[in-house]
Protein chains: 2
Amino acid sequence: MDPIGFSSHDHAGCIAGNLARIEARCKQAKLQLTPVRRRVLEILLQDHRALGAYDILDRLRDEGLGSQPPVAYRALDFLVKHGFAHKIERMNAFVACAHPGEDHAPAFLICRKCDMVVEAQTEPARGQLGSSAKLAGFLIERAVVEAEGVCLNCAEGPQS
Amino acid sequence: MDPIGFSSHDHAGCIAGNLARIEARCKQAKLQLTPVRRRVLEILLQDHRALGAYDILDRLRDEGLGSQPPVAYRALDFLVKHGFAHKIERMNAFVACAHPGEDHAPAFLICRKCDMVVEAQTEPARGQLGSSAKLAGFLIERAVVEAEGVCLNCAEGPQS
DNA sequence: ATGCATTTGTTATATCATAACGTTAATCGT
DNA sequence: ACGATTAACGTTATGATATAACAAATGCAT
Ligand SMILES: [Zn+2]
Ligand SMILES: [Zn+2]
Ligand SMILES: [Zn+2]
Ligand SMILES: [Zn+2]
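Just so it is clear, the model here is predicted, and its values are computed rather than measured.

Analysis parameters
- Residues numbered from 1 in each chain as written.
- Chains lettered and ligands numbered in written order.
- Predicted model: local features only at pLDDT ≥ 70, side-chain atom pairs only at ≥ 80, totals over all residues.
- Heavy atoms only, no water.
- Helix = DSSP H or I, 4+ residues; strand = E, 2+ residues; numbered from the N terminus.
- Rg over C-alpha atoms; globule rule 2.2 N^0.38 Å.
- Buried < 20%, exposed > 50% of the residue type's maximum accessible area, 1.4 Å probe, protein only.
- Contact = heavy atoms within 4.5 Å.
- Areas by Shrake-Rupley, 256 points an atom, 1.4 Å probe, with all protein chains shown as cover.
- Donors = N, O, S within 2.8 Å, 3.2 Å for Na, K, Ca; no water.
- Tetrahedral: all angles 85-135°; square planar, octahedral: opposite > 155°, others 65-115°.
- Pairing = 2+ DSSP bridges.
- Axes fitted to C-alpha atoms, helices over the stretch in contact; angles between N-to-C directions.
- Near = heavy atom within 4 Å.
- Polar contact = N/O pair within 3.5 Å; in protein donor to acceptor, adjacent residues only side chain to side chain.
- Disulfide = S-S within 2.5 Å.
- Parallel < 35°, antiparallel > 145°, perpendicular 65-115°, else oblique.
- Left-handed = near helix turned anticlockwise from the far one by under 90°.
- Nonpolar A, V, L, I, M, F, W, Y, C, P; charged D, E, K, R; others polar.
- Least-squares fit on C-alpha atoms with pLDDT ≥ 70 in both.

Caption draft 1: Inspection of the overall build of chain A at higher detail. Assigned secondary structure in chain A consists of six helices and five strands. Listing the helices and strands of chain A from first to last along the sequence gives α-α-α-α-β-β-β-β-α-β-α. For a compact globule of 160 residues, the expected C-alpha radius of gyration is about 15 Å, and chain A comes in at 17 Å, within 12% of that figure. Each principal axis of the C-alpha distribution contributes one length, and for chain A these read about 50 × 45 × 30 Å. Per-residue burial for chain A yields a buried fraction of 48% across its 160 residues. Of the contacts formed within chain A by residues at least 6 apart in sequence, a portion of 54% connects residues at least 24 apart. When the accessible surface of chain A is totalled, it reaches about 8,000 Å², and 51% of it is carbon and sulfur.

Caption draft 2: Looking closely at the coordination of the zinc ion (ligand 1). Residues and elements named next belong to chain A. At this site the zinc ion (ligand 1) is bound by His9 (NE2), His11 (ND1), Cys14 (SG) and His48 (NE2), with donor distances of 1.9 to 2.4 Å. One can describe the donor arrangement at the zinc ion (ligand 1) as tetrahedral, given that its four donor atoms subtend angles of 106 to 115° at the metal. Taken in sequence order, the residues that donate to the zinc ion (ligand 1) follow the motif H-x1-H-x2-C-x33-H. Of the two residues, His9 is situated in the segment before α1 (11-29) and His48 in the loop between α2 (35-46) and α3 (53-62); the sequence distance between them amounts to 39 residues. The class of His9 is partly exposed, set by a relative accessible area of 27%. With a relative accessible area of 15%, His48 lands in the buried category.

Caption draft 3: Here's a closer look at the sheet that holds strand β3 (residues 106-111) of chain A. Pairing is mixed in the open sheet, where six strands are placed in the order β4(A)-β3(A)-β5(A)-β5(B)-β3(B)-β4(B). The open sheet is flanked by β4 (117-121) of chain A together with β4 (117-121) of chain B, the only strands paired with a single partner. Between one strand axis and the next, the sheet turns by 20° as a mean value, whatever way the strands run. Inspection of the sheet shows strand β3 (residues 106-111) of chain B paired to strand β5 (residues 139-150) of chain B by four bridges, in the parallel sense. What sits directly across from Cys111 of chain B, in β5 of chain B, is Gly149 of chain B. Its contacts with the sheet place helix α5 (residues 127-136) of chain B against β3, β4 and β5 (139-150) of chain A together with β5 of chain B, and it is angled at close to 45° to β3 of chain A.

Caption draft 4: Structural detail: the coordination of the zinc ion (ligand 2). All of the protein donors around the zinc ion (ligand 2) are His86 of chain A (NE2), Cys97 of chain A (SG), His104 of chain A (NE2) and Glu119 of chain A (OE); their distances to the metal are 1.9 to 2.2 Å. Angles of 96 to 131° at the metal separate the four donor atoms of the zinc ion (ligand 2), which places the site in the tetrahedral class.

Caption draft 5: The arrangement of the protein's contact with DNA strand C in detail. Around DNA strand C, a shell composed of 14 residues is seen, among which Thr34 and Arg74 of chain A together with Tyr54, Tyr73 and Lys87 of chain B lie nearest. Looking at DNA strand C alone, sugar and phosphate atoms form 46% of those within 4 Å of the protein. The side chain of Arg74 of chain A places a nitrogen or oxygen atom 2.5 Å from a base nitrogen of DNA strand C. Those elements giving two or more residues to the surface near DNA strand C turn out to be α4 (69-81) of chain A together with α4 (69-81) of chain B.

Caption draft 6: Seen up close, the state of the cysteines. Evaluation of the coordinates by the stated rule reveals zero disulfides over all chains. Free cysteine: Cys154 of chain A, not disulfide-bonded; nearest cysteine sulfur from Cys111 of chain A at 3.7 Å. The closest cysteine sulfur to the non-disulfide-bonded Cys114 of chain B is located on Cys111 of chain B, 3.6 Å from its own sulfur.

Caption draft 7: How the structure looks around the packing of α1 of chain A against α2 of chain A. Residues and elements named next belong to chain A. Across the interface, α1 lies against α2 with an axial gap of 10 Å and an inter-helix angle of 150°. Viewed along their axes, α1 and α2 adopt a mutual orientation that is roughly antiparallel. Crossing handedness for the pair α1 and α2: right-handed. Judged by residue contacts, His11, Ile15, Asn18, Leu19, Ile22 and Glu23 of α1 engage Arg38, Leu41, Glu42, Leu45 and Gln46 from α2. For the contact of α1 with α2, the per-class residue count stands at five nonpolar, three polar and three charged.

Caption draft 8: Seen up close, the relation of the copies chain B and chain A. When chain B is fitted onto chain A, the two copies agree to an RMSD of 0.0 Å after a turn of 180° and an axial shift of 0.0 Å. The superposition of one copy onto the other is thereby described by a two-fold rotation axis. When C-alpha positions in chain B are compared against the rotation axis, the closest is assigned to Val145 of chain B, at 2.3 Å. A symmetric contact is evident, with 100% of the interface residues of chain B recurring at the interface of chain A.

Here it is in structure tokens:
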């Protein structure tokens with residue numbers, strides 16, 4: 001709910017906090033946060049933007065952590081599967097989760113000027129969509145919700 | 001709002017009606033509904049499912065209407081641009097619009113068992129997402145809303 | 001130490017999408 | 001009707017995204 005990302009915040013703490021929370025959760029759930037997986041997570045946490053798998057792969061290659069697509073995709077699969085990252089379908093790109101571990105249905109606000117991504121919450125089965133679903137006898141299991149628009153910072157700027 | 005697609009309906013009329021409405025709109029707006037574009041539209045209208053660009057291209061090729069990817073993508077671009085079809089981002093696939101011409105913000109209910117797609121309406125700026133956006137000073141311009149779940153027909157069946 | 005499951009490295013390939021360019025066809029002002 | 005302009009098409013080539021498959025290495029419980 002808190003619109004981190006567009007607003008300025010203690011981002012170093014933001015990164016460290018999420019990383020620590022995820023490490024704890026992996027330990028607790030006996031998940032292997034291996035070097036590649038951890039590094040991909042760090043790269044995604046670096047800024048509140050979505051990165052393509054091949055962008056990530058480039059970084060990994062530079063650091064000697066892997067050079068072939070499956071390396072990046074496997075790490076991303078792990079992170080997404082366990083809710084530590086999300087895929088932005090419109091962009092074929094990935095973003096670190098802003099509420100790791102909290103069991104949530106993510107929705108995204110994506111600025112088309114600065115590419116910043118903010119994670120918000122949604123309740124897929126509620127609202128108009130929920131009504132339509134009910135009417136159709138459709139059981140919603142999950143939903144992709146990705147809003148595109150302009151963030152506060154970019155709206156203020158002189159550029160159109 | 002009406003959950004056509006899962007429920008049985010006069011589908012021949014459904015196709016004919018949408019096609020007629022779109023033809024009229026093209027005439028009125030001086031848009032060229034060329035043979036390829038029209039055929040792609042017909043293929044999409046055939047059933048309330050999403051088709052990949054290459055599935056459509058295969059059909060076109062069989063009918064001698066074009067054999068290379070740009071043929072399909074250009075027709076789809078036209079249809080999407082003018083609101084006669086929509087892209088389902090999660091599936092990299094396309095579906096005919098259920099409310100052509102009506103100027104609407106589409107949302108989709110997608111059955112993971114039978115692949116049926118129902119188009120519903122959404123008001124992106126309302127509800128929880130709207131609240132989050134307002135809080136963040138974010139201006140929503142459009143939104144991808146794609147719910148996955150199980151439709152009435154598939155829920156009733158014996159198969160899990 | 002042994003056996004089993006998970007992860008990694010690598011090659012190859014599948015799938016989705018567009019750039020570029022010359023040709024053809026529709027549109028429009030004259 | 002005519003030529004200029006714009007829009008659509010056919011084709012080749014390539015780019016971008018994603019996965020299959022399998023052998024080697026590692027982690028982990030007994
Ligand atoms: Zn931050
Ligand atoms: Zn999240
Ligand atoms: Zn129908
Ligand atoms: Zn529609």
